[in-house]
Amino acid sequence: MPSFRPLARPATLAAAAFSLGALAAAAPLGAQQEKTRPKPPVPSPTREAGPGDTLTLVMPQLLKARSIGPAVMGGRVASIALDPQDPATFYVGLATGGIMKTTDNGATFSGIFEKEKVAAVGAIAIAPSDPKVVWVGTGEANDRNSTSWGNGVYRSEDGGATWQHVGLDKTKEIGRVVVHPTDPKTAWVAAMGDLWSPNAERGLYKTTDAGKTWKLVLAAPAPYGDRVGAGDVVVDPSDPNTLYAALYARRRLPWEFRYGPSATDGKDMGGIFKSTDGGATWKKLAGGLPSQTGRIGLDVYAKNPKIVYAIVQSDEGGQQSIDDPHSKKGGVFRSDDGGATWTRTSPLNPRPFYFSQIRVNPTDDKHVYVLGYMLHVSEDGGKTFREDRFKNVHSDNHALVIDPRSPKRLLLGTDGGAYQSYDEGAGWAHLSRIAAGEFYRVAVDSSAPFRICGGLQDNTNWVGPSQTRSKEGIRNADWTTIGGGDGSYCVFDASDPNVVYAESQQGYVFRFNLASGASKDLRPNPTEGSPAFRFHWTSPIVASRHTKGLLYYAGDRVFKLTDQGESWQVISPDLSSHEYDKMRATGSGAEDFGVAYALAESPVKAGLLWVGTDDGRLWKTENDGGSWQELSKNVPPPARGGWVSRIEASAHDPLVAYLAVDAHRAGDYRPHLLRTADGGRTWQSVAGDLPGDGPVKVVREDPVNPRMLWAGTEFGLYLTLDRGRHWMKFGGLPTVAVDDILLHPRDRDLVVATHGRSLYVLDDVRPLEEFTPQLAAKDAHLFAPRAATAYVPNDGWVTSAGSAVFRGANPTDGATISYYIRRLTGDPVSISIANAAGQPVATLTGAATPGINRVTWDLKPTKDVLTEYGGEGQKFVRPGDYTVTLSYGAVKQTATLHVEAAPGIETR
């Protein structure tokens, strides 16, 4: 993504092209073939496509989805690294969205980790002796239910302009990278390992040759090496042979989280370890430290490295509640003798699996910070902590950098983005120029331009425009929060454009009025003494396409909500597997299990509902809940029993549906995407050649072209034009998880909700919908253009607001004209436009690139026809119908373009 600077004024003529190749048709691969799925041949952009060919697209370099933000709410930041020589340069590692870099102290940011295979960042480290050398450990190390994984370590020698993958591919999640103070080729990596499954690639690794080779220097003894990882590592800056590292056992299951001895058969395998020979040998430290340890965070005091701080999770004396920031025996510990002995200074240790970070001021050993829900600060060596000066930042703090040149300067990473302070936290600047929102779901309305509502991780639900008529683009101020905690599903009311229904974690659905601000909780609750309803972290809610005002909602049961949500009724039995031992976890609700996660209503048959649960149950009703049929056993292995991430009911046939299963929580990272054509009795894989390590999170069938499918995976957006035989990465997005996809029913714009880089819009996908093998066999083809409206963009404050402002991209002003060219012939592409009287209005020249191309007309006469048309080039053409003519070689084709004008627009 480009840096977030003011958008350039679009040119009168803008062109974009994507090329067409072809592959031989092949039978869809069955579920049993997924492990050995063959790679497709490389398509040729100049090969002629025949009617029987499978259609494929070479990824367009110019046809890209536009980033619309928002950036106002930020997103989870896992790591921050400050350039040791240039205080204006620092890097922000996003938990699920790559790396953003600034060279102007946060005024603007550029994405520099955009096309790598993974997007989750666990740690960033800059070589102290050469700041151009940057190391990145991928895979977020915070143990959340939504944590994404990586594929090892990357290294750059040019400040992040280019990256080289340097190994540790299977470590999954990395908590810390430390670089040798004087040798940029030597580094230590604390690998946490796979959060969901045992794996051997965890522990502390060291390289001395810039990642060409690695040595595991600290790990738990067998048989626990596949469960115990390294959670942190720090180095003595005055003696790089002296290191401190923490081992940590953990295992997340969908219904619970195990750590420490509970993950290692009761044995205490974690703790703090010290090496004085660069990691060749290690000694476990004790001397006042507690037993039964979990996650541990470390820091060394720079001026006197004998002083070491640790924040230690310990179950000795009993566990602590999620709401209690104080540990029975754990907390903050200090050593003044290089770890030989330790003093417990405070029981403070908020929510250890999510935080466990401690930092000491590099010039004052008494000044200590502990990260948690808030930022806790001590000025007496950890004996007492306060948080009163840190209430104007987002909750959930994960990364803190103290500038050693000016220790009052702090850089803070939270669940709501990055912040900067120059007065030790008395005042904060939110660096809201990074579109890093972690969207779960989106909805659209019928406004013009249409609005989007979406829910984000820990950042509520928001409503904003898909575009604005302003040169400012789409600003943060254009978005309105409507409430919730962790936002999720949204639905616009079918009758009142000011009413929105939205959902937050554990089924807290509510109604919000955008005009008045009134909000009302609508969560279904049984009477006292009745069994409680159970809801997911993300509970599906959909608006009926057949009954206006009807909402369907799902938890352990399916509900019908009517009367603007005021009335509700249960229309299903408990649809879970009834394995109640998996449903008793306490905490935030992230481990609630055995409930519906996917819900779909058939667009073509009223009363037909599909429901999928997180524990692998699949259900269908054809009479609006009157009776239910379980289809779970019909799902073929290995998808059977997996987490149903989405169901898509076909808009063309009530017997057709698509099923996306995400099994990574069971250690299966393959894409499982299935289709039924007989109402769920049998299923066939349509995963085709999707990358083998990216689970599918969402699938959408095009309502016009049933062979066209969109898939959102853990690592990007994919498109198929042949019902899953061949998939192609599409839209020009950075590598990021796509959690939701929605096609606007009127405008045919594709809205893409990412979990880490906010929202994207791909304008007007109708040429893709219309593209068939028969059309591909033509020499050229002109697609019917979408109606266009003439308007003058508002200048706003674009010339005076400065560059330190996020501006989401608007579509190019004017009419977009799409056409197809089969092959290069040497002929130019001419597009002429005439009014209803046949009078020439504009002449455009398009690209002759094989594939689908686009030009944009600004709805004004071009210079070559100004004399004939009146000689005034500033006014728009009159509203009405215009004839567009494509000329390419012997091909001449026409289409009609309808032009409208906004109120007050002067036309000639």
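In this text the structure is predicted, and so the values were computed from the model without any measurement.

Draft legend 1. Examining the overall build of the protein more closely. What the protein contains, in helices and strands, is two helices and 69 strands. Expected size for 908 residues packed as a compact globule is a radius of gyration near 29 Å; at 29 Å, the protein falls within 12% of this value. Dimensions along the principal axes, computed over C-alpha positions, put the protein at roughly 95 × 65 × 55 Å. The burial tally for the protein puts 63% of its 908 residues in the buried class. Contacts spanning at least 24 positions in sequence make up 58% of the contacts within the protein whose residues lie at least 6 apart. Summing over all exposed atoms, the protein offers an accessible surface of approximately 32300 Å²; the carbon and sulfur share of this is 50%.

Draft legend 2. Structural view of the sheet that holds strand E50 (residues 643-649). Reading across from one edge, E50-E51-E52-E53 is the order of the four strands in this open sheet, with antiparallel pairing throughout. Looking along the sheet, the strands with just one partner apiece sit at the ends: E50 and strand E53 (684-685). Strand direction decides the pairing type here: strand E52 (residues 672-676) and E53, joined by two bridges, are antiparallel. Among the inter-strand pairings, leucine 674 is bridged to a residue of E53, identified as serine 685.

Draft legend 3. Here's a closer look at the nonpolar core. Among the nonpolar cores identified, the biggest contains 30 residues, and Ile817, Tyr819, Ile831, Ile833, Trp857 and Leu859 are the most heavily contacted of them. Those elements that place two or more of their residues in this core are strand E61 (780-782), strand E62 (788-790), strand E64 (815-821), strand E65 (829-834), strand E66 (840-846), strand E67 (851-857), strand E68 (880-888) and strand E69 (891-901).

Draft legend 4. Region of interest: the pattern of salt bridges. Throughout the structure, instances matching the rule amount to 41 salt bridges. For arginine 386, the salt bridge identified is with glutamate 379, shortest N-O distance 2.9 Å. Notably, a salt bridge pairs aspartate 403 with arginine 405, separated by 3.0 Å at the nearest N-O pair. Note on arginine 405: relative accessible area 38%, which makes it partly exposed. A single salt-bridge network, built from bridges that share partners, covers Arg534, Asp556, Arg557 and Asp574.

Draft legend 5. Representation of the packing of aromatic side chains within the structure. The tally for this structure, following the rule as stated, stands at 24 aromatic pairs. The interplanar angle of 85° and the centroid separation of 5.4 Å between the aromatic rings of phenylalanine 113 and tryptophan 163 together place this pair among those described as edge-to-face. Pair noted here: phenylalanine 113 is in the loop between strand E8 (110-111) and strand E9 (121-126) and tryptophan 163 is in the loop between strand E11 (153-156) and strand E12 (164-165), with a separation of 50 residues, a long-range link. Like phenylalanine 113, the residue tryptophan 163 is buried in the burial classification. Ring plane angle 70° and centroid distance 6.2 Å describe the contact between tryptophan 857 and tyrosine 882, whose orientation is recorded as edge-to-face. Residue tryptophan 857 is located in strand E67, and its partner tyrosine 882 is located in strand E68; the two are separated by 25 residues in the primary sequence. Like tyrosine 882, tryptophan 857 is buried. Aromatic ring contacts, followed pair by pair, group Phe257, Tyr259, Phe353, Tyr354, Phe355 and Tyr373 into a single cluster.

Draft legend 6. How the structure looks around the environment of proline 184. Counting through the fold element by element, proline 184 comes out in the loop between strand E13 (174-179) and strand E14 (187-191). Measuring from C-alpha to C-alpha, the distance between proline 184 and valine 134 comes to 8.9 Å, with 50 residues separating the pair along the chain. Ignoring sequence-local partners within four residues, the contact set of proline 184 consists of Ala127, Ser129, Asp130, Val133, Trp135, Arg155 and Val179.

Draft legend 7. Molecular detail of the sheet that holds strand E26 (residues 357-360). Read from one edge to the other, the open sheet built from three strands follows the order E26-E27-E28, with strand pairing classed as antiparallel. Each end of this open sheet is capped by a strand with a single partner; those strands are E26 and strand E28 (375-378). Here the average twist between neighbouring strands, direction ignored, is 20°. With four bridges connecting them, E26 and strand E27 (residues 368-371) associate as antiparallel partners. Pairing of isoleucine 358 across the sheet is with valine 370, part of E27.

Draft legend 8. Structural context of the side chain of serine 335. For serine 335, the location among the structural elements is in strand E24 (residues 331-335). For serine 335, a relative accessible area of 0% translates into the label buried. Within the structure, the side chain of serine 335 is placed 2.8 Å from the side chain of aspartate 337, a separation counted as a polar contact. Here glycine 339 takes part through its backbone nitrogen, which lies 2.8 Å from a polar atom of the side chain of serine 335. If sequence neighbours within four positions are ignored, serine 335 has contacts with Lys306, Ile307, Val308, Ala340, Thr341 and Trp342.

Draft legend 9. Quick peek at the pairing of strand E59 (residues 750-754). Most of E59 sits out of view: five of its five residues are buried. A two-sided burial pattern is seen for E59, the buried positions comprising Leu750, Val752 and Thr754 on one face and Val751 and Ala753 on the other. Count of turn residues in the strand E58 (residues 738-743)/E59 antiparallel hairpin: six residues, of which arginine 748 carries a positive phi of about 60°. As judged from the four bridges shared by E59 and strand E60 (residues 759-762), these two strands associate in the antiparallel manner. Each bridged residue has a counterpart across the sheet, and for valine 751 the counterpart in E60 is valine 761. Where E59 hands over to E60, the hairpin turn is made up of four residues, of which glycine 756 adopts a positive phi near 150°.

Draft legend 10. Quick peek at unusual backbone geometry. Going from glycine 69 to proline 70, the amide bond is cis rather than trans, its omega being 0°. By secondary structure assignment, the location of proline 70 is in the loop between strand E4 (66-69) and strand E5 (77-82). Look at glutamine 292: it is not a glycine, yet its phi comes out positive at around 55°. With respect to the helices and strands, glutamine 292 occurs in the loop between strand E21 (283-284) and strand E22 (293-300). With a phi angle near 60°, glutamate 424 is a residue other than glycine that sits in the positive phi range. Looking at the secondary structure, you find glutamate 424 in the loop between strand E31 (417-421) and strand E32 (429-430). By relative accessible area, glutamate 424 is classed as buried at 18%.

Draft legend 11. Highlighting the environment of arginine 523. By the element assignment, arginine 523 lies in the loop between strand E41 (519-521) and strand E42 (541-543). With a relative accessible area of 16%, arginine 523 lands in the buried category. For the pair arginine 523 and proline 879, spaced 356 residues apart in sequence, the C-alpha to C-alpha distance is 49 Å. Leave out the neighbours within four places in its chain, and arginine 523 touches Gln506, Gly507, Tyr508, Val509, Phe533 and Phe535. At a separation of 2.9 Å, a polar atom in the side chain of arginine 523 contacts the main-chain carbonyl oxygen of glutamine 506.

Draft legend 12. Region of interest: the side chain of threonine 713. Examined against the element boundaries, threonine 713 turns out to sit in strand E55 (residues 709-713). For threonine 713, the residues in contact, after removing those within four places along its chain, are Gly694, Pro695, Val696, Lys697, Tyr718, Val736, Ala737 and Val738.

The rules behind each value
Residues numbered from 1 in each chain as written. Predicted model: local features only at pLDDT ≥ 70, side-chain atom pairs only at ≥ 80, totals over all residues. Heavy atoms only, no water. Helix = DSSP H or I, 4+ residues; strand = E, 2+ residues; numbered from the N terminus. Rg over C-alpha atoms; globule rule 2.2 N^0.38 Å. Buried < 20%, exposed > 50% of the residue type's maximum accessible area, 1.4 Å probe, protein only. Contact = heavy atoms within 4.5 Å. Areas by Shrake-Rupley, 256 points an atom, 1.4 Å probe, with all protein chains shown as cover. Pairing = 2+ DSSP bridges. Core = buried A, V, L, I, M, F, W, Y, C linked by side-chain atoms within 4.5 Å. Salt bridge = Lys/Arg side-chain N within 4 Å of Asp/Glu carboxyl O. Phe/Tyr/Trp six-rings, centres within 6.5 Å; stacked < 30°, edge-to-face > 60°. Axes fitted to C-alpha atoms, helices over the stretch in contact; angles between N-to-C directions. Polar contact = N/O pair within 3.5 Å; in protein donor to acceptor, adjacent residues only side chain to side chain.

The analysis is restricted to geometry; functional conclusions fall outside its scope.
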